[in-house]
Amino acid sequence: MISLPWRTSFGIDPFTSFTLAILLLFIGKGLTQRYGWLRRYNIPEAVVGGVLCALVACGLYYVFDVRVVFDLGARDMLLLYFFAAIGMGTDVRTLREGGKPLVVLLVLASVFMLLQNGLGMAVAEAFGMDPRAGLMAGSISLTGGVGTTLAWTPHFVQTLGIPNAGELGLAANMLGMIAACLVGGPMAAWLMRRHRIVSSGAADVEVGTRYQDEPHLRLDYHGVLLALLWLNLALMLGHGVNELVALSGLNLPAFVGCLMAGISLRSAGQWLAPSGGRLWNWSSMRLGVALISDISLGLFLTMALMGLRLWELEPVLGFIATTMALQVALAVAFTAFVVFRFMGRDYEAAVICSGFGGIALGSTATAIANMSAVVRAYGAAPKAFIVVPLVCGFFIDLINALVIGLLAR
């Protein structure tokens, strides 16, 4: 490492960080268009730019002793816009059809959490650590994410006496998010080739547009303005939904309320003005909703990945590297041979499998990004975009809390 006398943390303000994320998303899109293998394996464009930035920041830290810290304050709002758009694009008839697949996927995800925690505890014991430390590299960080990791850290440090629990959890979450982005798309492509699955081919995908349709898009000013209006209303209504739910003592991720609000507004609009009107016209605003959704998800994931501090893995590298290699292998095997089979062995099942890495290793955003990359290449999968967000963002958190509570004693 080159030690410089002026070394210090180099903070980048929110506006500059947001602008850099836009540039990185352009870079990711450019590289994806240039290198066909990135599209062939359905690697999300945001992952390419975000990981590239994280690697550059890591290089600056080790080579020049410069610590780059991004202020990512705009990131969470982008996620709310994205899920409001997902809800807005959902037809209630599709939601009714998602009942059984949702229950099946929830059961599979719950079983996987038990396997995930068992593996983490076994590796921790093999390294001579308290087996319960392995939970921080299990469902706490991988299924639960950063929020769950931070919430459980005081218990592990103060009650269980595991001083580096927070570092273990954050490091596992960091690697898990990257792994989830990299294995989801290739998993779907492999399943489709292996089982000779025919895609839906539908052009009306849930996020963005299909790659071959991008040069032919025709956006309408009035439609985009309508889309922005109704998405803002969905965010306001979603905030109200979350406040009401919180009164019952149940805490939900903010995006769940926005997803539910989007579904409700779409249903109300279709019921009140089925043929369209001045303030509601789904056929006019559909492309605007898809555009805002695609941009929001791309920028959110880019910002999430560009903010990774890879150098923080160094103190726990041996344990984390071993655990995560095994966790990724377990997730891939479980997805390919269990999830795909029980979800129906069809195109929708392949898309759900691409998102299962987000449930098992990353976050709801990585799950949706993986599925988005697949449907943009092969066509719409409406059930997958209802089932996976509900399992990721709502039900699985409740079960995860019960599992952790039983094991972290």
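Residues numbered from 1 in each chain as written. Predicted model: local features only at pLDDT ≥ 70, side-chain atom pairs only at ≥ 80, totals over all residues. Heavy atoms only, no water.

### Side note on the overall build of the protein
Piece 1. Check the secondary structure of the protein and you find 15 helices and 2 strands.
Piece 2. Relative to its full complement of 409 residues, the protein shows a buried share of 51%.
Piece 3. Across the protein, the fraction of contacts at a sequence separation of at least 24, relative to all contacts at a separation of at least 6, is 82%.
Piece 4. For the protein, the exposed surface amounts to about 18,100 Å²; the carbon and sulfur share of it is 65%. (Helix = DSSP H or I, 4+ residues; strand = E, 2+ residues; numbered from the N terminus. Buried < 20%, exposed > 50% of the residue type's maximum accessible area, 1.4 Å probe, protein only. Contact = heavy atoms within 4.5 Å. Areas by Shrake-Rupley, 256 points an atom, 1.4 Å probe, with all protein chains shown as cover.)

### Some thoughts on the nonpolar core
Across soluble globular proteins, you tend to see nonpolar side chains buried next to one another.
Piece 1. Formed by 134 residues in total, the largest nonpolar core has its most connected members in M88, L105, F156, I320, F356 and V391.
Piece 2. Those residues in contact with I320 that lie beyond four places of it in its chain are A137, L168, A171, A172 and L175. (Core = buried A, V, L, I, M, F, W, Y, C linked by side-chain atoms within 4.5 Å.)

### Let's talk about unusual backbone geometry
Piece 1. Here D65, not a glycine, exhibits a phi torsion of approximately 65 degrees, which is positive.
Piece 2. Assessed through its relative accessible area of 10%, D65 is described here as buried.
Piece 3. One non-glycine residue with positive phi stands out, namely R196, at about 50 degrees.
Piece 4. You can call R196 exposed: its relative accessible area is 75%.

### Some points on the pattern of salt bridges
Piece 1. Within this structure, the stated rule accounts for 4 salt bridges.
Piece 2. With a shortest N-O distance of 3.4 Å, E45 and R376 are connected by a salt bridge. Of this pair, E45 sits in helix α3 (residues 45–64) while R376 sits in helix α14 (residues 364–378), and the two are 331 residues apart along the sequence.
Piece 3. Taking the relative accessible area as the measure of exposure, E45 reaches 10% and is therefore buried. (Salt bridge = Lys/Arg side-chain N within 4 Å of Asp/Glu carboxyl O.)

### Quick look at the side chain of T323
Piece 1. One can find T323 in helix α12 (residues 317–342).
Piece 2. Given the relative accessible area of 0%, T323 is considered buried.
Piece 3. Here the side chain of T323 touches F319 through a polar contact of 2.8 Å, landing on its backbone oxygen. (Polar contact = N/O pair within 3.5 Å; in protein donor to acceptor, adjacent residues only side chain to side chain.)

### Comments concerning a nonpolar patch on the surface
Piece 1. A contiguous nonpolar patch, built from I22, L23, F26, I27, L52, V56, L60, Y62, V63 and F64 and spanning about 830 Å² of accessible area, is present on the exposed surface.
Piece 2. Residue assignment for the nonpolar patch shows that the elements contributing at least two residues are α1 (14–34) and α3.
Piece 3. Along the chain, V63 turns up in helix α3.
Piece 4. A residue is classified by how much of its surface remains accessible, and V63, at 39% relative accessible area, is partly exposed. (Patch = residues over 30% accessible without salt bridge, like charges linked within 9 Å, V, L, I, M, F, W, Y side chains within 5 Å.)

### Section: the pairing of strand β2 (residues 67–70)
Piece 1. Here β2 shows a buried face lined by V68 and F70 and an unburied face lined by R67 and V69.
Piece 2. Note: strand β1 (residues 9–12) against β2, 4 bridges, orientation parallel. Pairing of S9 across the sheet is with R67, part of β2. (Pairing = 2+ DSSP bridges.)

### Quick word on the environment of F10
Piece 1. Examined against the element boundaries, F10 turns out to sit in strand β1.
Piece 2. Through-space distance from the C-alpha of F10 to that of V69 is 6.0 Å; in sequence the pair is 59 residues apart.
Piece 3. Excluding residues that lie within four positions of it along the chain, F10 makes contacts with V66, R67, V68 and V69.

### Observations concerning the packing of α1 against α3
Piece 1. α3 packs onto α1 with a crossing angle of 120 degrees between their chain directions and a minimal axis gap of 7 Å. The angle between α1 and α3 falls in the class oblique. Where α1 crosses over α3, the two elements pack in a sense that is right-handed. Between α1 and α3, the contacting residues are L20, L24, L25, I27, G28, K29, L31 and T32 on the first element and E45, A46, V48, G49, L52 and C53 on the second.
Piece 2. For the contact of α1 with α3, the per-class residue count stands at 9 nonpolar, 3 polar and 2 charged. (Axes fitted to C-alpha atoms, helices over the stretch in contact; angles between N-to-C directions. Parallel < 35°, antiparallel > 145°, perpendicular 65-115°, else oblique. Left-handed = near helix turned anticlockwise from the far one by under 90°. Nonpolar A, V, L, I, M, F, W, Y, C, P; charged D, E, K, R; others polar.)

### Focus on helix α10 (residues 254–272)
Piece 1. With 19 residues, α10 extends 27 Å from end C-alpha to end C-alpha; this agrees with the ideal 27 Å at 1.5 Å per step.
Piece 2. Within the sequence span of α10, burial applies to F255, V256, G257, C258, L259, A261, G262, I263, L265, R266 and G269. (Expected span 1.5 Å × (residues − 1).)

### A word on the confidence of the model for the protein
Piece 1. For the protein, per-residue confidence averages 83 on the pLDDT scale, and 89% of positions sit at 70 or higher.
Piece 2. Between residues 1–6, whose pLDDT stays under 50, and residues either more than four places distant or in other chains, the model counts 11 contacts. (pLDDT = per-residue confidence, 0-100.)

### A look at helix α4 (residues 75–88)
Piece 1. The end-to-end C-alpha distance of α4, which contains 14 residues, comes to 20 Å, matching closely the 20 Å that a straight helix rising 1.5 Å per residue would cover.
Piece 2. If you check which residues of α4 are buried, you get L78, L79, L80, Y81, F82, F83, A84, A85, I86, G87 and M88.

### Side note on the packing of aromatic side chains
Piece 1. Following the criterion strictly, the structure yields 10 aromatic pairs and no others.
Piece 2. Measuring from ring centre to ring centre gives 5.3 Å for Y61 and Y62, while their planes differ by 90 degrees; the resulting arrangement is edge-to-face.
Piece 3. Relative accessible area serves as the criterion here: at 23%, Y61 is assigned to the partly exposed category.
Piece 4. Under the relative-accessibility criterion, Y62 is labelled partly exposed at 30%.
Piece 5. Plain terms: the ring middles of F127 and F319 are 5.8 Å apart, the flat faces sit at 80 degrees to each other, and that makes the pair edge-to-face. Of this pair, F127 sits in the loop between α6 (99–126) and α7 (145–159) while F319 sits in helix α12; the two residues are 192 residues apart in sequence, bridging distant segments of the chain.
Piece 6. Residue class for F127 comes out partly exposed when judged on its relative accessible area of 43%. (Phe/Tyr/Trp six-rings, centres within 6.5 Å; stacked < 30°, edge-to-face > 60°.)

### Considering the environment of M129
Piece 1. Here M129 is to be found in the loop between α6 and α7.
Piece 2. Look at M129 and you get partly exposed, because its relative accessible area is 23%.
Piece 3. Placed 190 residues apart in sequence, M129 and F319 show a C-alpha to C-alpha distance of 9.6 Å.

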